Amino acid sequence: ETVTFTVASGGGNVVGPTVTTDIRGTARVGSWFLGQLEGPNTLTATSNGISVTFTAVAVPGPAVGMEKSDGDEQTAMVGTEVAVRPEVKAVDQFGNGVDGITVTWRVSKGGGAVIGQASVFTENGGYAAVGGWQMGPTAGENLLEASAGTFPVLEFRATAVP
């Protein structure tokens, strides 16, 4: 019998999509490469009008970098916290979020302060936010850095106003 394997969802591709069953009636796809995005992938095998569907779940690969997610370019009064907590996302090579990466927050200009823990783990799809960011005592530019391992440091900016 001839069996045809087709990617039904999730992207990816199949190598050797058409196979003839062996002496035991078994057919094996050459290779099934899952799609680039995290989540379910399905593969359908069809022969003589009968279909069987296989499911696999793609998970993120190792983190290759970090990107700003929220909280950059804000304005707040001196000595107060910014309205939106700065947040980063650790990503794999396809932009999927990676959990479990340690992110360290540090004020680098303006004399403000990190509120809460200075180091947090990425979670819930690769996100990590600082507990809070308080502006320094003088009007002007304030900078907050987010760092993780050997990834480039991300810099968040805020302006403290009187």
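See above for the structure.
Values in this document were obtained by computation on a predicted structure and should not be read as measured data.

1. Comments concerning the overall build of the chain
Here comes step 1: When helices and strands are tallied, the chain shows zero helices and 16 strands.
Here comes step 2: In terms of overall dimensions, the chain is more spread out than a globule: its C-alpha atoms have a radius of gyration of 24 Å, far above the 15 Å expected for 162 residues.
Here comes step 3: When its C-alpha atoms are laid out on the principal axes, the chain stretches across 80 × 25 × 20 Å.
Here comes step 4: In the chain, the proportion of contacts linking residues at least 24 apart, taken out of those at least 6 apart, comes to 51%.
Here comes step 5: Total accessible area on the chain stands at roughly 8900 Å², and carbon and sulfur atoms take up 54% of it.
Here comes step 6: Averaging the positions of the 8 positive and the 15 negative side-chain charges in the chain gives two centres separated by 4 Å.

2. As for the nonpolar core
General note: in soluble globular proteins, nonpolar side chains tend to be found buried as a group.
Here comes step 1: Among the nonpolar cores identified, the biggest contains 23 residues, and M66, V88, V103, W105, W133, A146 and F156 are the most heavily contacted of them.
Here comes step 2: Of all the elements in the fold, those that place two or more residues in this core are β9 (87–91), β10 (102–109), β15 (140–147) and β16 (154–161).
Here comes step 3: Top element by residues in this core is β16. It accounts for four residues.
Here comes step 4: Counting residues in each nonpolar core, the second largest holds six residues, with V14, V19, L43 and A45 among its members.

3. Here's the deal with the sheet that holds strand β13 (residues 127–129)
Here comes step 1: One open sheet accounts for three strands, arranged β7-β9-β13; its pairing is antiparallel. Pairing within the sheet leaves two strands with one partner each, and these edge strands are β7 (65–70) and β13. Averaged over all adjacent pairs, the angle separating strand axes in this sheet is 30°, with direction ignored.
Here comes step 2: Examined bridge by bridge, β7 and β9 share five bridges and lie antiparallel to one another. When the sheet's bridge partners are listed, G65 is paired in β9 with V91.

4. Comments concerning the environment of E81
Here comes step 1: Structurally, the position occupied by E81 is in the loop between β8 (74–77) and β9.
Here comes step 2: When the C-alpha atoms of E81 and D99 are compared, they prove to be 27 Å apart, with 18 residues separating the residues in sequence.
Here comes step 3: Non-local contacts of E81, meaning those with residues more than four positions away in its chain, are made with A76, I115, G132, W133 and Q134.

5. Some remarks on the sheet that holds strand β6 (residues 50–58)
Here comes step 1: With respect to topology, four strands assemble into an open sheet ordered β3-β1-β5-β6, the strand pairing being antiparallel. On the outer flanks of this sheet lie β3 (18–20) and β6, each paired with one strand and no other. Taking the axes of each pair of neighbouring strands and ignoring which way they run, one obtains an average angle of 25° across the sheet.

Parameters and conventions
Residues numbered from 1 in each chain as written. Predicted model: local features only at pLDDT ≥ 70, side-chain atom pairs only at ≥ 80, totals over all residues. Heavy atoms only, no water. Helix = DSSP H or I, 4+ residues; strand = E, 2+ residues; numbered from the N terminus. Rg over C-alpha atoms; globule rule 2.2 N^0.38 Å. Contact = heavy atoms within 4.5 Å. Areas by Shrake-Rupley, 256 points an atom, 1.4 Å probe, with all protein chains shown as cover. Lys, Arg positive; Asp, Glu negative; His and termini not counted. Charge placed at Lys NZ, Arg CZ, Asp CG, Glu CD. Core = buried A, V, L, I, M, F, W, Y, C linked by side-chain atoms within 4.5 Å. Buried < 20%, exposed > 50% of the residue type's maximum accessible area, 1.4 Å probe, protein only. Pairing = 2+ DSSP bridges. Axes fitted to C-alpha atoms, helices over the stretch in contact; angles between N-to-C directions.

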